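# Summary of the model geometry
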Amino acid sequence: MKRYLVIGNPIEHSLSPRLHNYWFKENNIEAVYEKKQVKETEIKEIISEMKNGKIEGINVTVPFKKSVIPFLDESESRTTQSVNTVYKKKNRIIGTNTDILGFKYALQHIKYSVKEKKIFILGAGGVTSSIIFALEQMQASNIMLSNRTKEKAENLKKLFPKLELIKWGDIKNFDMIINTTSLGLKESDKIPINYDYIGPGKFFYDVIYNPKKTNFLSEAEKLGHQIENGQMMFAYQAQKAFEMWTGLLPPVNKKVIELLDND
Ligand code: ATR
């Protein structure tokens, strides 16, 4: 029986096992996908278990997307420095990033084009570099970023020199605003932005998908803005990871969305 893992901390809320185990079953693959809460000191051992064939593939989530990289034989995520999927090729352990495609496909799914749009990003966490990378590829005209801790925003600017850094709490004119912070995971979380300073008809995107509608999104919806959560991004990054491991591209269909909704 092949074994797959998602590692992170915390990890109990991850829906990756549900999705991948469903796809394994659908494709008659004898495999099991589990979640494991780990400490940074345990990552080395887990990667060596992949090397010796005990684990077939790994997804990596917060807060290890960057810190996993030194333990790999190779990383395909040079620009983003963020690995969310680890796979094996000719006994080499390779880290890659499927969040970028996940975000792109999620926007394609709702037919939203960022081309020539002004984008305002909140946060500088594990997934932010993937979002910026995707936005640059999709030719957003201007990417602004604001993070509570200035240093982390400045580190991202080293990777993406065209980023425009904005002071935390300030707001600039934008077409689309993206929450990549963890604010919203708790129902009581509120992002300190003043909606009065935001013109009509904007697009609010939250990477968070559980809860489905963060305060960030529900406030925006009340004001008539378009909103979208991170559910499809999650589904599409998982789809791409599944393909890296098995060579099969499972459909992201109604049944998959039902599985993710059913919480
Ligand atoms: P990591 O930073 O370990 O990758 P993450 O969950 O991916 O973890 O990212 C957390 C993001 O949410 C960061 O941008 C963080 O801001 P800081 O860099 O200032 O820590 C942001 N965040 C979390 N709690 C926050 C809060 N109470 N107010 C503002 N931003 C917050």
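Residues numbered from 1 in each chain as written. Predicted model: local features only at pLDDT ≥ 70, side-chain atom pairs only at ≥ 80, totals over all residues. Heavy atoms only, no water.

## Topic: the pairing of strand E5 (residues 85-89)
- Pairing between strand E3 (residues 57-60) and E5: two bridges, direction antiparallel. Looking at E5, one finds that Ile58 is bridged to Val86.
- Strand direction decides the pairing type here: E5 and strand E6 (residues 92-96), joined by five bridges, are antiparallel. Within E6, the residue paired with Lys89 across the bridge is Arg92.
- Counted along the chain from E5 to the antiparallel partner E6, the turn is two residues long, and its residue Lys90 has a positive phi close to 50°. (Pairing = 2+ DSSP bridges. Helix = DSSP H or I, 4+ residues; strand = E, 2+ residues; numbered from the N terminus.)

## A short note on the sheet that holds strand E1 (residues 2-8)
- Reading across from one edge, E2-E1-E3-E5-E6-E4 is the order of the six strands in this open sheet, with mixed pairing throughout. Two strands bound the open sheet, and with one partner strand each, they are strand E2 (31-37) and strand E4 (74-75).
- In terms of strand pairing, E1 meets E3 through four bridges, oriented parallel. Following the sheet pairing, Val6 is matched in E3 by Asn59.

## Digging into the domain arrangement of the protein chain
- Taken as a whole, the protein chain is organised into domain 1 (2-97 + 232-261) and domain 2 (100-229).
- With centres defined by C-alpha atoms, the gap from domain 1 to domain 2 works out at 25 Å.
- Between domain 1 and domain 2, the residue contacts involve 15 residues of the former and 19 residues of the latter.
- Here Lys212 makes a salt bridge to Asp261, at a shortest N to O gap of 3.3 Å.
- Where domain 1 packs against domain 2, one counts six residue pairs in polar contact (both at pLDDT 80 or more).
- Taken together, the residues of the side of domain 1 that touches domain 2 sort by class into five nonpolar, seven polar and three charged. (Domains from an automatic or database assignment. Contact = heavy atoms within 4.5 Å. Salt bridge = Lys/Arg side-chain N within 4 Å of Asp/Glu carboxyl O. Polar contact = N/O pair within 3.5 Å; in protein donor to acceptor, adjacent residues only side chain to side chain. Nonpolar A, V, L, I, M, F, W, Y, C, P; charged D, E, K, R; others polar.)

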